[in-house]
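Single-letter residue listing:
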Amino acid sequence: MNVEANEGSAVKNMDLSLCFAASGDIRNVVKTINGLPSDYRGTCTVVINDINRYVAIRNLLFLCMLCDTSGPSPEETAEAVLHMCYSAGLTQTQTVYLTHWMRRLFNRTVSRDNHCVVDAAFLKGTSEVRFVYPRNVLELGKEILGSSYGWTQAKEDMTAVRFPAQSVDYRDYRLANLRPRHRVAHVQWMRSGILLPIGESTHKFDQPNRLLFTPQAEYLLFDNQSPLSAWNPLEIEKTRQSLNLPEGDLYGSMFFHVKSQLAEFASRARQFKLKFVLYGMNLHQLAPFMQWTKPMGMAPLAFDRIDTSNVLDTLGILEMFQSLGHLLKTSNPHSALFMYSMNWRTQVSVTDTPAEPNSTVATSATMKLMDRANIKMDKTPQATQLLRFTLLPNSWACFNLEPKFNEFKQVQRVKAVGRAVGLKERRTPRIHSRRYGLPVGSDKPEPDITEEIIYQLGQLAGILWSERFMEFELV
């Protein structure tokens, strides 16, 4: 929400309504609640929607665990949820905890006549969790609960996915992109599948994490997926420094950072008055379903913030505005519709930027990046070749993409379509910067980069540097 640049100190007494229309996991929900004042006194209603059935199941489970005051402490719950998010295996205690909640939520028979289930998780504490899920989400949850494969079978499939023979070049490329001190931690995580600090024993993690496998023990992640891309590495590095952790303990630093975020969220959820309403719909179905469930006391129909992630890339600006633009709260001058695009370059001609690693433009872009970020390296042929391949994807950071992005907005008819539904783009963003590497509110066309920022955001988080963020407000 970035309340400092929007509602300010007045937010602590405001009733808020937030909508994560294509949430993915609950990372942004966690960071949003943690960004509210510690003495927040209002009621915050949060709508969370995602069409992926596995994501919908995880989100419901994790929110129930973190909000329920009758469960373990915030720190213990945070560590359990962390492993359920990012570890392929769980301890016996964590498995019992997960099974307890799976039974409470999914051990049910849903009539074939019910296309959708509306229900509430009965929690102890100040917060509440309700959900409106298609029948097939509940059916999948019950199937996961009834699965019987063991850790050996699950780990074999995870290993087969992570280490296919045909991908050895990609694994080597990934290691080449990491600093030498980070490679041991990365290989340890790839082999074990457990997110822990270096040196921590994994022998207690002898149960499969059924939330990361199909009921048939098929690993759900791709071979190149890593939790490092899930959280901002710059913030993880701050946590590492504050705890005086070893520089090489890349995943251990992430472990402590994410655990602290989840523990803070759990503490707040057990004190604040939060109302979570979860849906599992296509984005264009969300508004009609919220209208349908409003008489049941579920979701509001006006929001202070609506986050649509990068669904713009698949649905286009017209459908985004038509589906959600009318749901902004008119009584809050700071209400905003937030979206971003990763793939906008495919809709316009971008010819003067790097494409092939051996092209003249690519070589020039890499040299420009080195100069801007003050990166030094041996100029031997081998070093130059490695540098070209590792730095080239980050060279988008050196290009002013503003003219081409304006062309994209013209193709999408952003102004005209927005005007038709009563929305306009903010000239100065107040929630997120226009591009990665810039502070919120900056109008600079190119990000501020250093060698450290290139490594943390480009090499570890894997951003493209061409992503663009947009905020829309009521006219």
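Everything below is about the structure shown above.
Just so we're clear, the structure is a prediction, and the values are computed from it rather than from any experiment.

1. Details of the overall build of the protein chain
Reasoning step 1: Across its full length, the protein chain carries 18 helices and 11 strands.
Reasoning step 2: Here the C-alpha coordinates of the protein chain stretch approximately 65 × 60 × 45 Å along the principal axes.
Reasoning step 3: Looking at the protein chain as a whole, 52% of its 475 residues qualify as buried.
Reasoning step 4: Contacts in the protein chain between residues far apart in sequence, at least 24 positions, make up 78% of those at least 6 positions apart.
Reasoning step 5: For the protein chain, the accessible surface area stands at approximately 21,300 Å², while carbon and sulfur atoms represent 50% of it.

2. Regarding the sheet that holds strand 7 (residues 273-279)
Reasoning step 1: Reading across from one edge, 4-5-7-2-1-8-9-11-10 is the order of the nine strands in this open sheet, with mixed pairing throughout. If you trace the sheet from one side to the other, it starts and ends with strand 4 (116-121) and strand 10 (423-425), each paired once. Each adjacent strand pair in this sheet contributes to an overall mean axis angle of 15°, direction not counted.
Reasoning step 2: Along the sheet face, helix 13 (residues 317-324) touches strand 8 (305-307), strand 9 (336-341), strand 10 and strand 11 (468-474) and points at about 155° away from the line of strand 9.

3. A short note on a positive patch on the surface
Reasoning step 1: Together, Lys415, Arg419, Lys424 and Arg427 make up a region of like positive charge exposed at the surface.
Reasoning step 2: Following the sequence through the fold, Lys424 ends up in strand 10.

4. Details of the side chain of Asn332
Reasoning step 1: Mapped onto the elements, Asn332 comes out in the loop between helix 13 and strand 9.
Reasoning step 2: Among the polar contacts listed, one links the side chain of Asn332 to the side chain of Glu7, at a separation of 3.0 Å.
Reasoning step 3: Excluding its chain neighbours within four sequence positions, the residues that come into contact with Asn332 are Glu7, Met14, Asp304 and Arg305.

Basis of the calculations
- Residues numbered from 1 in each chain as written.
- Predicted model: local features only at pLDDT ≥ 70, side-chain atom pairs only at ≥ 80, totals over all residues.
- Heavy atoms only, no water.
- Helix = DSSP H or I, 4+ residues; strand = E, 2+ residues; numbered from the N terminus.
- Buried < 20%, exposed > 50% of the residue type's maximum accessible area, 1.4 Å probe, protein only.
- Contact = heavy atoms within 4.5 Å.
- Areas by Shrake-Rupley, 256 points an atom, 1.4 Å probe, with all protein chains shown as cover.
- Pairing = 2+ DSSP bridges.
- Axes fitted to C-alpha atoms, helices over the stretch in contact; angles between N-to-C directions.
- Patch = residues over 30% accessible without salt bridge, like charges linked within 9 Å, V, L, I, M, F, W, Y side chains within 5 Å.
- Salt bridge = Lys/Arg side-chain N within 4 Å of Asp/Glu carboxyl O.
- Lys, Arg positive; Asp, Glu negative; His and termini not counted.
- Charge placed at Lys NZ, Arg CZ, Asp CG, Glu CD.
- Polar contact = N/O pair within 3.5 Å; in protein donor to acceptor, adjacent residues only side chain to side chain.

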